[in-house]
Amino acid sequence: MNCPHCGANPLTLAPPIKCVTDRTPRLDALFASNEPPLDTDAPMLQQKLAQARAESAALDICIAAARTALEGLLAQKATVDGYAEQIKNISRTMRTLPTDILGEIFSSFVGEVMSATFDDFSGGLFVDSLDVREGPCVLTHISSRWRRTALDLPACGPASS
């Protein structure tokens, strides 16, 4: 199967394995039996061993290249997945709410915070309306749109300072 993006075929990265398919009847007989090799088998065994080691080394190089290619593909996939997540975030409900509805939600939030701030000084519940981690100011730290919307509210905007 070829990559739909770059057209590479990962199965063609490795060279064909010859040492396994290039067997002789004598070598097959030695594999199938428990008899010791003859002295005359030594050169053939040496050659087959050298061939297998060379092919193993070539496969190590192919494996390293495949790992590098895989790491590159994984990095590209992470980039594409991040991009897809950014696109998905653009279409989130809170981002697509009309500004007037967002303002109503903020006004309701600010009203609750302000009433808690001023109605219960002595009961231990106190929300500092100027603390950026609490109160209406927290709304200005979400996004520039939320900041503009929150600052347009009478309780948060320049008129309240």
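Structure shown above.
Each residue is numbered by its place in its chain's sequence as written, counting from 1. Where local features are concerned, this predicted model is filtered to residues with pLDDT of at least 70; where side-chain atom pairs are given and counted, the filter is 80 or more; whole-chain, interface and lining totals use all residues. Each side-chain value is worked out from all heavy atoms of the structure, with water and hydrogens disregarded.

J.: Please explain the overall build of the protein as it appears in this structure.
T.: Labels follow the DSSP assignment, with helices taken as runs of H or I lasting at least four residues and strands as runs of E lasting at least two, numbered in each case from the N terminus. Scanning the protein from terminus to terminus reveals six helices and zero strands. Tracing the protein from N to C terminus, the helices and strands come up as α-α-α-α-α-α. Exposed residues in this analysis have more than 50% of their type's maximum accessible area, buried residues have under 20%, and partly exposed residues fall in between, with area computed by a 1.4 Å probe over protein chains only. For the protein, the residues scored as buried account for 19% of the 161 residues in total. Contacts were defined at the residue level, with two residues in contact if any of their heavy atoms lie within 4.5 Å. Across the protein, contacts joining residues at least 24 apart in sequence account for 44% of those joining residues at least 6 apart. All accessibility values rest on the Shrake-Rupley procedure with a 1.4 Å probe; residue burial counts only the protein chains present in the view. For the protein, the computed accessible surface area is about 11,900 Å², with 63% contributed by carbon and sulfur atoms.

J.: Honestly, a nonpolar patch on the surface in this entry has me stumped. Any pointers?
T.: A contiguous nonpolar patch, built from M94, I101 and I105 and spanning about 230 Å² of accessible area, is present on the exposed surface. Within the secondary structure, M94 is located in helix α4 (residues 93–96). Patch members must show over 30% relative accessible area and no salt bridge, and they are joined within 9 Å when carrying like charges or within 5 Å when they are nonpolar side chains of Val, Leu, Ile, Met, Phe, Trp or Tyr. When a carboxyl oxygen of Asp or Glu is within 4 Å of a side-chain nitrogen of Lys or Arg, the pair counts as a salt bridge.

J.: It is not clear to me how the nonpolar core should be interpreted in this structure. Could you clarify?
T.: Soluble globular proteins: nonpolar side chains tend toward being buried together. Nonpolar cores were defined as sets of buried Ala, Val, Leu, Ile, Met, Phe, Trp, Tyr and Cys residues, with membership established by side-chain atoms within 4.5 Å. Membership of the largest hydrophobic core is limited to seven residues, which are L97, L102, F106, L139, W146, A150 and L153. Those elements that provide at least two residues to this core are α5 (99–119) and α6 (144–151). Aside from chain neighbours lying at most four places away, what touches W146 is M94, L102, F106 and L139.

J.: Looking at this model, I keep getting lost on the environment of L45. Mind explaining?
T.: Relative to the helices and strands, L45 is located in helix α3 (residues 42–90). A sequence separation of 18 residues divides L45 from L27, and the C-alpha atoms of the two residues are 8.1 Å apart.

J.: Help me understand the pattern of salt bridges in this model?
T.: Note that side chains of opposite charge can pair when their charged atoms are close. Applying the stated rule across the entire model yields five salt bridges. Here R26 ties to D41 by a salt bridge, and the two come within 2.7 Å at their closest N and O atoms. Pair noted here: R26 is in helix α2 (residues 25–32) and D41 is in the loop between α2 and α3, with a separation of 15 residues, a long-range link. Taking relative accessible area as the criterion, D41 reaches 5% and is therefore assigned buried. As a salt-bridge pair, E85 and K88 come within 3.4 Å of each other at their nearest N and O atoms. You can see E85 and its partner K88 sitting in helix α3, three residues apart, about one turn around the helix.

J.: Whenever I open this one, the packing of α2 against α3 confuses me. Can you help?
T.: Describing two packed helices takes the angle between their axes plus the distance from one axis to the other. Where helices are involved, their axes are fitted lines through C-alpha atoms of the stretch in contact, as for all axes, and angles between N-to-C directions lie from 0 to 180°. The interhelical angle for the contact between α2 and α3, taken along N-to-C directions, is 85°, at an axis separation of 11 Å. Considering the angle they form, α2 stands roughly perpendicular to α3. Of the residues in α3, those in contact with R26, L27 and L30 of α2 are M44, L45 and K48. Residues are grouped as follows: nonpolar covers Ala, Val, Leu, Ile, Met, Phe, Trp, Tyr, Cys and Pro; charged covers Asp, Glu, Lys and Arg; every other residue, Gly included, is treated as polar. Taken together, the residues that form the contact of α2 with α3 break down as four nonpolar, no polar and two charged. Here the word oblique covers every angle except those under 35 degrees (roughly parallel), over 145 (roughly antiparallel) and from 65 to 115 (roughly perpendicular).

J.: Explain α6 here, please?
T.: Think of an α-helix as 3.6 residues a turn; residues three or four steps apart then line up on the same face. Here α6 has its buried residues at R145, W146, T149 and A150. Along the axis of α6, the buried positions cluster into a sector of 130°, meaning they face one direction only. The arc in question is the one spanned by the directions pointing from the helix axis to the C-beta atoms.

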